[in-house]
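Report on the structure
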Amino acid sequence: ALQAGHGGGLELTVRGSGLGAAPGETRVTVCGLACEPLRSNGTEATCRAPAHTTRAVVDAFPAAFPPTDLAASASNFSTNRPFDAEEATFARHAFTAPIDSPRRLLTEGLEWRTANAECWFAMRLGDSLAALVTSAKFFPAVEPAARARARTATLEVRNVTVGAGSEVPDFGDAAAWVTVADVSEVVFASDTVAQGWTAFPIEPPVTAQAFRLRLPADACRRQGELFRGARFDGIVVAADDGPDCPIAVESVGSALADAPAAPDVDGDGRADPGGVLAPTLDHSLPRTPVVHAVHPR
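As the structure is a prediction and not an experimental result, all values here were calculated from the model.

Quick notes on the rules
Residues numbered from 1 in each chain as written. Predicted model: local features only at pLDDT ≥ 70, side-chain atom pairs only at ≥ 80, totals over all residues. Heavy atoms only, no water. Disulfide = S-S within 2.5 Å. Helix = DSSP H or I, 4+ residues; strand = E, 2+ residues; numbered from the N terminus. Core = buried A, V, L, I, M, F, W, Y, C linked by side-chain atoms within 4.5 Å. Buried < 20%, exposed > 50% of the residue type's maximum accessible area, 1.4 Å probe, protein only. Contact = heavy atoms within 4.5 Å. Phe/Tyr/Trp six-rings, centres within 6.5 Å; stacked < 30°, edge-to-face > 60°. Pairing = 2+ DSSP bridges. Axes fitted to C-alpha atoms, helices over the stretch in contact; angles between N-to-C directions. Arc of directions from axis to C-beta.

1. Re the state of the cysteines
A covalent bond between the sulfur atoms of two cysteines is what we call a disulfide. Summed over the entire model, instances satisfying the criterion amount to one disulfide. One disulfide bridge connects C35 with C47, the sulfur atoms lying 2.1 Å from each other. Measuring handedness by torsion sign, the sulfur bridge of C35 and C47 sits at about 90° and is right-handed. Here the residue C35 occupies a position in the loop between β3 (33–34) and β4 (36–40), and C47 occupies one in strand β5 (residues 44–48), the gap between them amounting to twelve residues.

2. Observations concerning the nonpolar core
One finds L155, F211, L215 and F232 to be the most contacted residues of the largest nonpolar core, which totals 37 residues. Per-element accounting of this core gives the leading share, five residues, to strand β9 (residues 129–139). Excluding residues within four positions of it along the chain, L215 makes contact with E118, C119, F121, F138, A150, A153, C220, L226 and F227.

3. Side note on the packing of aromatic side chains
Any two aromatic rings considered together are summarised by their centre-to-centre distance and by the angle between their planes. All told, the structure shown has seven aromatic pairs when counted by the stated rule. Judged by centre distance (5.5 Å) and plane angle (40°), the ring pair of F211 and F232 falls under tilted. Pair noted here: F211 is in strand β13 (residues 210–215) and F232 is in strand β14 (residues 229–238), with a separation of 21 residues, a long-range link. Three or more aromatic residues joined by ring pairs form one cluster here, namely F77, F95, F211 and F232.

4. Some points on the side chain of S135
Within the secondary structure, S135 is located in strand β9. With residues up to four places along the chain from it excluded, the contact list for S135 reads F200, P201, I202, R231, F232 and D233.

5. So, the sheet that holds strand β7 (residues 74–79)
Within a sheet, neighbouring strands are paired by backbone hydrogen bonds and run either parallel or antiparallel to one another. The sheet built from five strands is open, its strands ordered β7-β8-β13-β10-β11 with antiparallel pairing. Both outer strands of the open sheet, β7 and β11 (178–182), are each paired with one neighbouring strand and no more. Put simply, the sheet's adjacent strands are angled 20° from each other on average, direction ignored. For β7 and strand β8 (residues 119–125), the ladder comprises five bridges, and the chain directions are antiparallel. Pairing of S78 across the sheet is with A122, part of β8. Lying on the sheet, helix α2 (residues 87–96) is in contact with β7, β8 and β13; it crosses β7 at an angle near 115°.

6. Examining unusual backbone geometry
Cis geometry is adopted by the peptide bond preceding P204, which originates at E203 and carries an omega value of -5°. Note that P204 resides in strand β12 (residues 200–208). Its identity is not glycine, yet C31 carries a phi of approximately 60°, on the positive side. You can see C31 is positioned in the loop between β2 (26–30) and β3. Judged by its relative accessible area of 13%, C31 is buried.

7. Points about the pairing of β9
Within β9, ten of the eleven residues are buried, leaving the element largely enclosed by the surrounding structure. By the bridge criterion, ten bridges tie β9 to β14 in an arrangement that is antiparallel. Each residue of the ladder has a partner; that of A136, found in β14, is F232. Pairing between β9 and β12: five bridges, direction antiparallel. By the bridge assignment for β12, A131 is matched with A208.

8. Comments concerning α2
Looking only at α2, the buried set comprises E87, F90, A91, A94 and F95. Looking straight down α2, one finds its buried side chains confined to an arc of 125°; they lie on one side. Along its buried surface, α2 packs onto β6 (68–69), β7, β8, β13 and β14.

Structural data, given as structure tokens:
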């Protein structure tokens with residue numbers, strides 16, 4: 001077992017055989033997070049351990065961990081139409097695009113993505129991460145009628161690998177999602193202006209691994225602007241709050257695998273001048289990474 005601080009920074013060396021010939025060719029993870037590659041020569045791979053923030057550390061030093069936009073740590077974006085290849089882009093824009101740009105559900109051929117059903121936009125963290133969610137934000141459409149149709153929109157969170165709700169395998173199952181902000185509960189000053197639409201403090205913070213904006217069918221099936229954006233703020237922590245976590249060699253690659261091929265015009269089985277033939281990499285048992293030692297002990 002290795003001992004290191006929660007702030008990371010420890011240089012970790014894995015020794016064995018079949019490791020990458022260059023730093024970026026050996027992917028090592030610590031606690032499920034990428035260990036920054038520093039050196040790799042086939043028999044040794046050295047990386048810098050990442051920070052490992054747990055709930056206990058945040059509770060002990062709250063001032064050191066201000067909330068940030070959780071979209072920066074998201075590993076996946078989706079909607080309730082995963083069979084559409086463009087949905088990930090629509091979902092990513094919902095959480096990351098500038099809020100001065102409208103979000104619309106329009107595809108090529110003027111077909112609406114959700115003709116007569118509610119629609120939602122979601123993002124999730126990697127399996128090894130969770131977040132202490134401190135606030136949710138909704139930026140509605142500018143057009144008054146579009147704002148009114150979104151009055152029943154909700155901002156929701158759920159767990160995926162740990163915690164309550166993680167036992168529900170269907171990502172979109174409503175039973176696993178918890179509403180942290182309901183637009184219908186805010187005070188409306190008039191039909192065109194809704195006070196408090198853009199900020200919903202969450203006190204006390206809730207732990208979650210996935211986040212979504214859910215809109216009613218009446219809003220989703222309309223032509224034109226749907227909303228401007230959604231944001232979730234919080235503190236990213238390790239999903240497993242225990243003090244121990246694994247070190248893993250996730251993958252080993254080779255620069256030759258992506259080397260550009262040059263044409264063999266003369267048919268002699270060799271690359272013509274100025275290029276290389278596309279390589280074929282044969283992996284045998286001796287080439288499988290075998291870890292002999294870890295340093296420091």
